Amino acid sequence: MPILLHLETSTTVCSVCLSENGKIVYEVVDEKGQNHSELLGVFVQKALQEAKKQHLQLDAVAVSSGPGSYTGLRIGVSMAKGLCYGFSIPLIAINSLKILAQGVVANHSIEHDAILCPMIDARRMEVYTAFFDTRLNILKPTWAEVLHADTFETLHDKKVYIFGNGAEKSIGIVQHPNIQFLPHQTPLASSMIVLAEEAFQQQQFEDMAYFEPFYLKEFMTSIPKNKLA
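The rules behind the values
Residues numbered from 1 in each chain as written. Predicted model: local features only at pLDDT ≥ 70, side-chain atom pairs only at ≥ 80, totals over all residues. Heavy atoms only, no water. Helix = DSSP H or I, 4+ residues; strand = E, 2+ residues; numbered from the N terminus. Rg over C-alpha atoms; globule rule 2.2 N^0.38 Å. Buried < 20%, exposed > 50% of the residue type's maximum accessible area, 1.4 Å probe, protein only. Contact = heavy atoms within 4.5 Å. Areas by Shrake-Rupley, 256 points an atom, 1.4 Å probe, with all protein chains shown as cover. Lys, Arg positive; Asp, Glu negative; His and termini not counted. Charge placed at Lys NZ, Arg CZ, Asp CG, Glu CD. Salt bridge = Lys/Arg side-chain N within 4 Å of Asp/Glu carboxyl O.

A. The overall build of the chain, seen in detail. Check the secondary structure of the chain and you find five helices and 10 strands. A compact globule built from 229 residues should have a C-alpha radius of gyration of about 17 Å, and the chain, at 18 Å, falls within 12% of that. Here the chain holds 229 residues, and 53% of them are scored as buried. Counting only contacts in the chain whose residues sit at least 6 apart along the sequence, the fraction spanning at least 24 positions is 64%. Summed over all atoms, the accessible surface of the chain reaches about 11300 Å², with 49% contributed by carbon and sulfur. Averaging the positions of the 18 positive and the 24 negative side-chain charges in the chain gives two centres separated by 5 Å.

Following this line, the structure appears as structure tokens:
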């Protein structure tokens, strides 16, 4: 199994994790705010120092690919690309919503037939979201949603778990007995381990010359102006 460095910067949380054979070797998380430009380099340096101390050689770098904060993703991807070029190792990109879903599956008891609905805030009443089953198969790929009372109405025959930093503003708007909100869920680098190892084994690497993350601004500029009012 590979030795991977994971960087997650898609929200206000900044986290870095070093893994070996699926286990955490080093992890650091900052939840105080959007300080990625100040903290990410320090966190990465400490992770690399730990790798050197334990005589571990990186096989790849995994980074959150969005959707998420323009600033956070730009800083994370720039750092990841720099490391990959410097160490001559491949780049793995993991969808931020899938990282959120992996964290929930790993840390909560979820009905096997439930639908996972991670949400990332996109300002005002907009969110980015996707649907996954409990095996993290994609039921509906990432899309932009303007929250309203009938959001997800067609899914009310199944239990739907809504979580992420975009979920809180849906409380009171999206209501149904089958919908359950999971508070305080955030995408973390440690939740990338399983997903990144799968990508590594399948040789799902990014072309570093062309790879760009999925910025929230791409959604904001695509929404008609009358929907932003």
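B. Just the pattern of salt bridges, in detail. Following the criterion strictly, the structure yields two salt bridges and no others. Two residues, Glu 111 and Lys 159, come together in a salt bridge whose shortest N-O distance is 3.9 Å. Of this pair, Glu 111 sits in the loop between α3 (96–107) and β6 (115–121) while Lys 159 sits in the loop between β8 (138–146) and β9 (160–163), and the two are 48 residues apart along the sequence. Take Glu 111: its relative accessible area is 33%, and that puts it in the partly exposed class.

C. Quick look at the environment of Val 104. Assignment of secondary structure puts Val 104 in helix α3. We classify Val 104 as buried; its relative accessible area is 0%. Through-space distance from the C-alpha of Val 104 to that of Gly 164 is 9.9 Å; in sequence the pair is 60 residues apart. Ignoring anything within four residues of it in the chain, the contact list for Val 104 reads Ile 110, Leu 116, Phe 163, Leu 182 and Gln 185.

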